[in-house]
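These are the residues of each chain, in order.
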Amino acid sequence: MLTRTISALVALPILFFVLLKGGIFLYIATFVISIIGLYEFYKAFSKSYVVSSWVGYLMTIALYFGFLGTFSKDYFTFIVSAFMFCLLALVVFTKLTINGAMVTFLGFFYVSFSLSHLILISNLDNNFFIWYPFVIAFVTDTFAYLTGKLIGKTKLIPAVSPNKTVEGSIGGIIACLIFSYFYAYFFNPNFQLYAIILGLVGSVLSQVGDLIASKIKRIFEIKDFGKIMPGHGGVLDRFDSLIITLPLVYYFMVLFNSINNY
């Protein structure tokens, strides 16, 4: 517990600095986290699959390279298309199997593509929305844990995560609704109504993200994805909820801006 607390005390100031400064700091941090997370993903799946990890790393580099310039959306479509055809070619000309190609492709989307939405959010709003995925993920996780410890009795999905309870899950959702609403109330009053919807959906998906990571670890019989954060595990252990909530917040933000500019 002490190690976990010390890690958090070290990591939180770095997180706040990166989010506040934005720009190149956010870009570098997101890219590094994506590469490490992708490595952890491929390492876990390589226990059962032959993964073409180098293709995933190259596509991740190409994806983030696109954020450096004023590339059109066609560039990112090209990246995905090139990735897919490259993997299919490897299936034909090498020992890479269809299953291995699918795992390679999945890792890129699950980790690199999802985390890249933090840069997309920052490009549109580096003041209000940039903090929202963290509000959703951290509040849900904290209060789900506390509620589960206090009154949790009914197991949620014991086959996937034996310590999670229905009561804890509901507690996390309620807390996230409240925090989401008041976060909007103080910093963006026009978003208050939408905040309730985003808080609800975001909290549910945040917990789903946690369960996805738990399921993967259970399948491959590993305790943690990595050891980069003592007491917390790897990047995927710490950012499993954010991986799901980042795309949600970004597209919700795009929808909100579209409605208000209509």
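Structure: above.
Okay, so let's go over this structure. What you see is a predicted model, and the numbers here were worked out from it, not measured in a lab.

What counts and how
- Residues numbered from 1 in each chain as written.
- Predicted model: local features only at pLDDT ≥ 70, side-chain atom pairs only at ≥ 80, totals over all residues.
- Heavy atoms only, no water.
- Helix = DSSP H or I, 4+ residues; strand = E, 2+ residues; numbered from the N terminus.
- Rg over C-alpha atoms; globule rule 2.2 N^0.38 Å.
- Buried < 20%, exposed > 50% of the residue type's maximum accessible area, 1.4 Å probe, protein only.
- Salt bridge = Lys/Arg side-chain N within 4 Å of Asp/Glu carboxyl O.
- Axes fitted to C-alpha atoms, helices over the stretch in contact; angles between N-to-C directions.
- Parallel < 35°, antiparallel > 145°, perpendicular 65-115°, else oblique.
- Left-handed = near helix turned anticlockwise from the far one by under 90°.
- Contact = heavy atoms within 4.5 Å.
- Nonpolar A, V, L, I, M, F, W, Y, C, P; charged D, E, K, R; others polar.
- Phe/Tyr/Trp six-rings, centres within 6.5 Å; stacked < 30°, edge-to-face > 60°.
- Patch = residues over 30% accessible without salt bridge, like charges linked within 9 Å, V, L, I, M, F, W, Y side chains within 5 Å.
- Areas by Shrake-Rupley, 256 points an atom, 1.4 Å probe, with all protein chains shown as cover.
- Core = buried A, V, L, I, M, F, W, Y, C linked by side-chain atoms within 4.5 Å.

**Some thoughts on the overall build of the protein chain**
Right, so step 1: Counting its secondary structure elements, the protein chain contains eleven helices and two strands.
Right, so step 2: In the protein chain, the order of α-helices and β-strands from amino to carboxyl end is α-α-α-α-α-α-α-β-β-α-α-α-α.
Right, so step 3: In terms of overall size, the protein chain behaves like a compact globule, its C-alpha atoms giving a radius of gyration of 19 Å where 262 residues would be expected to give roughly 18 Å.
Right, so step 4: Each of the three principal axes of the protein chain carries a C-alpha extent, and together these read 55 × 45 × 30 Å.
Right, so step 5: Counting only residues that meet the buried cut, the protein chain has 46% of its 262 residues in that class.

**What to know about the pattern of salt bridges**
Side chains that carry opposite charge are capable of pairing whenever their charged atoms lie near each other.
Right, so step 1: If you walk through the whole model with that rule in mind, you get four salt bridges.
Right, so step 2: With a closest N to O distance of 3.5 Å, Asp 210 and Lys 164 form a salt bridge. Of the two residues, Asp 210 is situated in helix H9 (residues 192-219) and Lys 164 in strand S2 (residues 161-165); the sequence distance between them amounts to 46 residues.
Right, so step 3: Residue classification places Asp 210 among the buried positions, given a relative accessible area of 13%.
Right, so step 4: For Lys 223, the salt bridge goes to Asp 224, with nearest N and O atoms at 3.6 Å.
Right, so step 5: Of the residues examined, Lys 223 reaches a relative accessible area of 70% and is grouped as exposed.
Right, so step 6: Since its relative accessible area comes to 31%, Asp 224 is described here as partly exposed.

**Focus on the packing of H9 against helix H11 (residues 240-260)**
Right, so step 1: Where H9 meets H11, the closest approach of the two axes is 7 Å, and the angle between their N-to-C directions is 155 degrees. With respect to their mutual orientation, H9 and H11 come out roughly antiparallel. Note on packing geometry: the crossing formed by H9 with H11 is right-handed. Between H9 and H11, the contacting residues are Tyr 194, Ile 197, Leu 198, Val 201, Gly 202, Leu 205, Ser 206, Gly 209, Asp 210, Ile 212 and Ala 213 on the first element and Asp 240, Ser 241, Ile 244, Thr 245, Leu 248, Val 249, Phe 252, Phe 256 and Ile 259 on the second.
Right, so step 2: A per-class count over the contact of H9 with H11 returns 13 nonpolar, five polar and two charged.

**Here's the deal with the environment of Ala 175**
Right, so step 1: Within the secondary structure layout, Ala 175 lies in helix H8 (residues 166-187).
Right, so step 2: Counting along the chain gives 28 residues from Ala 175 to Ser 203, while the straight-line C-alpha distance between them is 9.0 Å.

**Details of the packing of aromatic side chains**
Right, so step 1: Counted according to the given criterion, the structure contains 39 aromatic pairs.
Right, so step 2: On the numbers, 4.9 Å between centres and 10 degrees between planes, the contact of Phe 128 with Tyr 183 is stacked. Within this pair, whereas Phe 128 is found in the loop between helix H6 (117-124) and helix H7 (132-151), its partner Tyr 183 is found in helix H8, the two being separated by 55 residues in sequence.
Right, so step 3: Given a relative accessible area of 12%, Tyr 183 falls into the buried group.
Right, so step 4: Seen from their ring centres, Phe 191 and Phe 252 are 6.1 Å apart, and the 80 degrees between their planes marks the pair as edge-to-face. Linking Phe 191 in the loop between H8 and H9 with Phe 252 in helix H11, this pair joins segments that are 61 residues apart in sequence.
Right, so step 5: The exposure class assigned to Phe 252 is buried, which follows from its relative accessible area of 14%.
Right, so step 6: Through a chain of ring-to-ring contacts, three or more aromatic side chains come together here, namely Phe 128, Phe 129, Tyr 132, Tyr 183, Phe 187, Phe 191, Tyr 194, Phe 252 and Phe 256.

**Some remarks on a nonpolar patch on the surface**
Right, so step 1: A cluster of nonpolar residues, Ile 170, Ile 174, Ile 178, Phe 179, Phe 182, Tyr 185, Phe 186 and Phe 187, forms a patch on the protein surface that exposes about 860 Å² of accessible area.
Right, so step 2: By the secondary structure assignment, Ile 174 is in helix H8.
Right, so step 3: Taking relative accessible area as the criterion, Ile 174 reaches 45% and is therefore assigned partly exposed.

**Quick word on unusual backbone geometry**
Right, so step 1: Located in the positive-phi region is Glu 221, a residue other than glycine, with phi close to 55 degrees.
Right, so step 2: Take Glu 221: it is sitting in the loop between H9 and helix H10 (235-238).
Right, so step 3: By relative accessible area, Glu 221 is classed as exposed at 73%.

**Notes on the nonpolar core**
Right, so step 1: Within the largest apolar cluster, 64 residues are counted, with the highest numbers of intra-cluster contacts made by Phe 41, Ile 121, Phe 129, Tyr 132, Phe 191 and Leu 198.
Right, so step 2: Element by element, the count of residues in this core is highest for H11, at nine residues.
Right, so step 3: Those residues in contact with Phe 191 that sit more than four places away from it in its chain are Phe 128, Phe 129, Tyr 132, Ala 184, Leu 198, Phe 252 and Phe 256.

**Some points on the side chain of Thr 104**
Right, so step 1: With respect to the element layout, Thr 104 can be found in helix H5 (residues 98-115).
Right, so step 2: With relative accessibility at 0%, the residue Thr 104 sits in the buried group.
Right, so step 3: Once you skip the residues sitting within four places of it in the chain, Thr 104 turns out to touch Tyr 42, Val 51, Ser 52, Gly 56, Phe 83 and Leu 87.

Shape is all these values report; function is a separate question.
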